[in-house]
Amino acid sequence: METIASIFTDPRWSPYAAGIGIGLLSWLSFLISGKPIATSTSFAQTGGMIEDFITGGNAQHRPYYKKIKLKINWQWMLVVGVVIGSFLSAIISGDFHLGVWVPSLWASAFGDSALLRVPVAAAGGIILGFGARFAGGCTSGHGISGTLQLAVSSWVSAIFFFIGGIITAKFMYLVIA
Amino acid sequence: METKKHVSETTQDKRPLFFGLGFGILFGFLLHKGGATKYDVIVGQLLLTDFTVLKIMLSAVVTGMIGIYFMKSLGWIKLSIKGGSVGMNVIGALIFGVGFAVLGYCPGTIAGAIGNGYLDAIVGGLAGILLGTWIFAVLYPKLKDGILKKGDFGEITFPRLLKVNDWVVVVPAAVLIVLMLFWFEKAGL
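Residues numbered from 1 in each chain as written. Chains lettered and ligands numbered in written order. Predicted model: local features only at pLDDT ≥ 70, side-chain atom pairs only at ≥ 80, totals over all residues. Heavy atoms only, no water.

Turning next to the overall build of chain A. The secondary structure content of chain A amounts to nine helices and zero strands. Listed N to C, the secondary structure of chain A is α-α-α-α-α-α-α-α-α in terms of helices and strands. With the C-alpha coordinates aligned to their principal axes, the bounding extent of chain A is approximately 55 × 45 × 35 Å. Scored against the burial criterion, the 177 residues of chain A give a buried share of 53%. In chain A, once contacts between residues fewer than 6 apart in sequence are set aside, the share between residues at least 24 apart is 50%. Entry remark: accessible area of chain A is about 7,500 Å², with carbon and sulfur atoms responsible for 73%. Considering chain A, the positive charge centre built from 10 side chains and the negative charge centre built from 6 side chains are found 18 Å apart. (Helix = DSSP H or I, 4+ residues; strand = E, 2+ residues; numbered from the N terminus. Buried < 20%, exposed > 50% of the residue type's maximum accessible area, 1.4 Å probe, protein only. Contact = heavy atoms within 4.5 Å. Areas by Shrake-Rupley, 256 points an atom, 1.4 Å probe, with all protein chains shown as cover. Lys, Arg positive; Asp, Glu negative; His and termini not counted. Charge placed at Lys NZ, Arg CZ, Asp CG, Glu CD.)

Put into structure tokens, the structure is as follows:
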């Protein structure tokens, strides 16, 4: 029988339960912090902070970093929170997998070598990070928070995220593999 | 006076950080429970074999939209709309989509995947994303008055664009999304 505790230790919820939960969270984030949930700017700030650290303050002069401001803010902490929240959920439900280099779907098509998967993941990350800043948002900022506010820029972005993603995934798994 | 103002600013700065962390923890918890911190689930969506990601996103959007527009009509909140253009939101989003499929995570879900322990996300993906955003920052002066401005449509919502009351868009949008979700279930997706 389901108890309150077993809900939290279930490794998977219905996608609708998770989705409705995220929708309710967006109400609170607007009401309490006056901000939508978004993540990709924080990665750009981190990149700038790393450049600043390596070069001793070079990055601050770049116009883009002046625009987004290189400091730890609400949204940067939100991304840290996502890592912690996912970790907590994974740990209490016995779904924490440290040591997995190659996802099983990838392995079924491209083999289980980390020497292939990791460089491809890094290349994908470069394209993703560049595209997220080009589009002004990602699957959370545009795809959830922007679309739920009915923003034109966000609906256009969300649709083209999936068009680009579906074509590329089909090409990888049906043509290359 | 100067120092007093400075002190109150720094104490005010801490509270948003604390709330940001709290919202992030809940968001990460829900992403993991929904399955969206896993490569197989995300790429399964892009291969159109597993509709978990769209089910999460669309149910979040329909729930969020109704509440946000209700609170907006009461004057409790203000919207926070991103500006955009054809250059940004078509070209940029297509580039994002390619990276989304090649990496198999997006910026929010990779943070979740890191929490879940996946090493391809930690070692490969995170480093790549940081580098990709940095390349954009380097090229930004060249892009900002060119392609990023092509076909600018500004900070606008569909109700404003169509010049109608908010609910004229919210209600049909909510109905369409719910119908789409029912169709997913009926089709066994």
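There's plenty left to go through after this.
Moving on: helix α3 (residues 52-73) of chain B. All names here are of chain B. In a regular helix each residue adds 1.5 Å, so 22 residues correspond to 32 Å; α3 covers 32 Å between its end C-alpha atoms and thus fits that length. Burial analysis of α3 places 18 of its 22 residues in the buried class, which makes it a mostly covered element. Within two residues after α3, G75 carries a phi angle of roughly 80°, on the positive side. (Expected span 1.5 Å × (residues − 1).)

So, on to the nonpolar core. Counting residues in hydrophobic clusters, the biggest one holds 75 residues, and the most contacted among them are M65 and Y105 of chain B. Of all hydrophobic cores here, the second largest spans 13 residues; its members include A59, I68, F130 and F134 of chain A. (Core = buried A, V, L, I, M, F, W, Y, C linked by side-chain atoms within 4.5 Å.)

Attention now goes to the pattern of salt bridges. Opposite charge on two side chains makes pairing possible when the charged atoms of those side chains draw close. With the rule as written, the count across this model stands at six salt bridges over all chains. Note that E51 of chain A and R62 of chain A form a salt bridge whose closest N and O atoms lie 2.8 Å from each other. Residue E51 of chain A is located in helix α3 (residues 40-55), and its partner R62 of chain A is located in the loop between α3 and α4 (63-68); the two are separated by 11 residues in the primary sequence. Note that D166 of chain B is salt-bridged to K72 of chain B, the shortest N-O span being 2.7 Å. Placement of the pair is D166 of chain B in helix α8 (residues 166-186) and K72 of chain B in helix α3, with a sequence separation of 94 residues. Accessibility expressed as a relative area gives 29% for K72 of chain B, which makes it partly exposed. (Salt bridge = Lys/Arg side-chain N within 4 Å of Asp/Glu carboxyl O.)

As a further point, take the packing of helix α5 (residues 107-116) of chain B against helix α6 (residues 119-143) of chain B. Residue and element names in this part refer to chain B. With their axes 10 Å apart at the nearest point, α5 and α6 run at an angle of 155° to one another. In terms of orientation, α5 lies roughly antiparallel with respect to α6. The interaxial crossing formed by α5 with α6 has left-handed handedness. Residue-level inspection shows I110, A113 and I114 of α5 in contact with α6, the latter providing A121, I122, G125, L126 and I129. Grouping the constituent residues of the contact of α5 with α6 by class yields seven nonpolar, one polar and no charged. (Axes fitted to C-alpha atoms, helices over the stretch in contact; angles between N-to-C directions. Parallel < 35°, antiparallel > 145°, perpendicular 65-115°, else oblique. Left-handed = near helix turned anticlockwise from the far one by under 90°. Nonpolar A, V, L, I, M, F, W, Y, C, P; charged D, E, K, R; others polar.)

The next subject is the environment of V156 of chain A. For V156 of chain A, the position within the fold is in helix α9 (residues 152-176). A relative accessible area of 18% means that V156 of chain A is categorised as buried. Considered as a pair, V156 of chain A and A135 of chain A are 21 residues apart in the sequence and their alpha carbons are 9.9 Å apart. Setting aside residues no more than four positions away along its own chain, V156 of chain A makes contact with N89, V90 and F153 of chain B.

This brings us to the side chain of R133 of chain A. Tracing the chain through its elements places R133 of chain A in helix α7 (residues 114-135). Apart from the residues within four sequence positions on either side, R133 of chain A is in contact with S40, T41, A44 and Y64 of chain A together with T133 and F136 of chain B.

When pLDDT is averaged along chain B, the result is 94; 93% of the residues meet or exceed 70. Predicted complex metrics record ipTM = 0.96 and pTM = 0.94. (pLDDT = per-residue confidence, 0-100.)

Residue and element names in this part refer to chain A. The geometry of helix α8 (residues 141-148) relative to α9 is characterised by a closest axis approach of 8 Å and an angle of 145° between their N-to-C directions. Like other packed secondary-structure pairs, α8 and α9 cross with a definite hand, here left-handed. Contacts between α8 and α9 involve G141, H142, G143, G146 and T147 on the former and, on the latter, S153, S154, W155, S157, A158 and F161. Looking at the contact of α8 with α9, its residues break down into three nonpolar, eight polar and no charged.

Turning our attention to the environment of G146 of chain B. Positionally, G146 of chain B belongs in the loop between α6 and α7 (158-161). Between the alpha carbons of G146 of chain B and Y69 of chain B there is a distance of 34 Å; along the sequence they are 77 residues apart.

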